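Structural characterization, general
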Amino acid sequence: ANKLRTKTLRNTRNPAWNETLVYHGITDEELQRKTLRISVCDEDKFGHNEFIGETRFSLKKLKPNQKKSFNVCLERVVPMKRAGTTGSVRGMALYEDEMNRGGEVEERGKILVSLMYNSQQGGLIVGIVRCVHLAAMDANGYSDPFVKLWLKPDMGKKAKCKTQIKKKTLNPEFNEEFFYDIKHSDLAKKQLDISVWDYDIGKSNDYIGGCQLGITAKGERLKHWYECLKNKDKKIERWHVLQNENHTASD
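Residues numbered from 1 in each chain as written. Predicted model: local features only at pLDDT ≥ 70, side-chain atom pairs only at ≥ 80, totals over all residues. Heavy atoms only, no water.

The subject of this paragraph is the overall build of the chain. Broken down by element type, the chain carries 3 helices and 12 strands. Relative to its 251 residues, the chain shows a buried fraction of 39%. Once local pairs closer than 6 in sequence are excluded, the contacts in the chain between residues at least 24 apart make up 63%. (Helix = DSSP H or I, 4+ residues; strand = E, 2+ residues; numbered from the N terminus. Buried < 20%, exposed > 50% of the residue type's maximum accessible area, 1.4 Å probe, protein only. Contact = heavy atoms within 4.5 Å.)

Quick look at the structure:
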């Protein structure tokens, strides 16, 4: 989920890619502890990648909104393959320092959500923008993700919405909006349950992770809901960490 790769350039020892690869949802806290590892590989016709060399950058050296260029030699450090991973040297990988997170709920990726109470339409507009670094649920190392929304309690069938399914990706872009017809005064009593699922044909879908926004939430989840209630007709976007918490069964 944290790997990006360029296109393959054939039959050259002096490749010029001129590509821009983007990592979405990186926080200031993550910039202080993450390292960008760039590895260069040779792809043969059977799809195997032979390691050429690599270099690493500590992201805490970067300044906001300032482009920084490097001219460096590649190191010929043969990377260690982790058990259960395939193609571990392909493309670019963002590695975080090993941290002891004992006792915390397992993180399963992040989701970018927008909230806006539209006073003209008299309802809540929820935008599901994208997810990043989702947990892989399928044997091919990817997932087929979609997002479910549930505004609860007491909203009946109108309370549940779903995005489209994005095939074979751990960084899906949805850009979908959903409208809930509800009085502004009633929003304070509601909770928005957001869950991300891996679609599987012919069997039950796999739960990837979720988060709940509302007055009973904590931290960023509470702050996002409160800002939405306070600022009518203003779209407010926030990233939220998906966690492997209690969830309802997929439809």
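Continuing now.
Burial runs high along strand 6 (residues 123-132): 10 of the 10 residues are buried. With 9 bridges joining them, strand 5 (residues 107-118) and strand 6 adopt antiparallel strand pairing. Its bridge partner being in strand 6, K110 is matched across the sheet by V132. Joining the antiparallel neighbours strand 5 and strand 6 is a turn of 4 residues, in which G122 adopts a positive phi near 70 degrees. (Pairing = 2+ DSSP bridges.)

Turning our attention to the confidence of the model for the chain. Scored by pLDDT, the chain comes out at a mean of 84, with 85% of its residues at no less than 70. This model gives residues 81-92 a pLDDT under 50, and the stretch forms 29 contacts once residues within four places in sequence are excluded. (pLDDT = per-residue confidence, 0-100.)

What follows covers unusual backbone geometry. Geometrically, the link from K152 to P153 is a cis peptide bond, its omega value of 0 degrees lying close to zero. For P153, the position within the fold is in the loop between strand 7 (145-152) and strand 8 (160-162). In this structure, N65 takes a positive phi of about 60 degrees despite not being glycine.

Scanning all chains against the criterion turns up 12 salt bridges. The partner of K110 in a salt bridge is E30, and the shortest N-O contact between them spans 2.6 Å. Here K110 is found in strand 5, whereas its partner E30 is found in helix 1 (residues 28-33), with 80 residues between them in sequence. Considered together, K110 and E30 belong to a single accessibility category, that of buried residues. A salt bridge links K189 to D186; the nearest nitrogen and oxygen atoms lie 3.5 Å apart. Using a relative accessible area of 61% as the deciding quantity, one classes K189 as exposed. Residue D186 is classed as partly exposed on the basis of its relative accessible area of 25%. Members of the salt-bridge network, linked through shared partners, are R5, R10 and E43. (Salt bridge = Lys/Arg side-chain N within 4 Å of Asp/Glu carboxyl O.)

For helix 3 (residues 219-230), with 12 residues, the first-to-last C-alpha span of 16 Å sits near the 16 Å given by 1.5 Å per residue. Restricting attention to buried positions, one finds in helix 3 the residues R221, H224, W225, E227, C228 and L229. (Expected span 1.5 Å × (residues − 1).)

Together, L62, F70 and V72 make up an exposed nonpolar region whose accessible area comes to about 250 Å². Structurally, V72 can be placed in the loop between strand 3 (49-58) and strand 4 (92-96). (Patch = residues over 30% accessible without salt bridge, like charges linked within 9 Å, V, L, I, M, F, W, Y side chains within 5 Å. Areas by Shrake-Rupley, 256 points an atom, 1.4 Å probe, with all protein chains shown as cover.)

Before going further, it helps to spend a moment on the side chain of D144. When you line up the elements, D144 lands in the loop between strand 6 and strand 7. For the buried D144, which has no salt bridge, the nearest side chain bearing the opposite charge is K167, at an N-O separation of 4.5 Å. A polar side-chain atom of D144 sits 2.7 Å from the main-chain amide nitrogen of K168. With residues near it in sequence (within four places) discarded, D144 still touches D138, I165, K166, K167, K168, W197, D198 and Y199. (Lys, Arg positive; Asp, Glu negative; His and termini not counted. Polar contact = N/O pair within 3.5 Å; in protein donor to acceptor, adjacent residues only side chain to side chain.)

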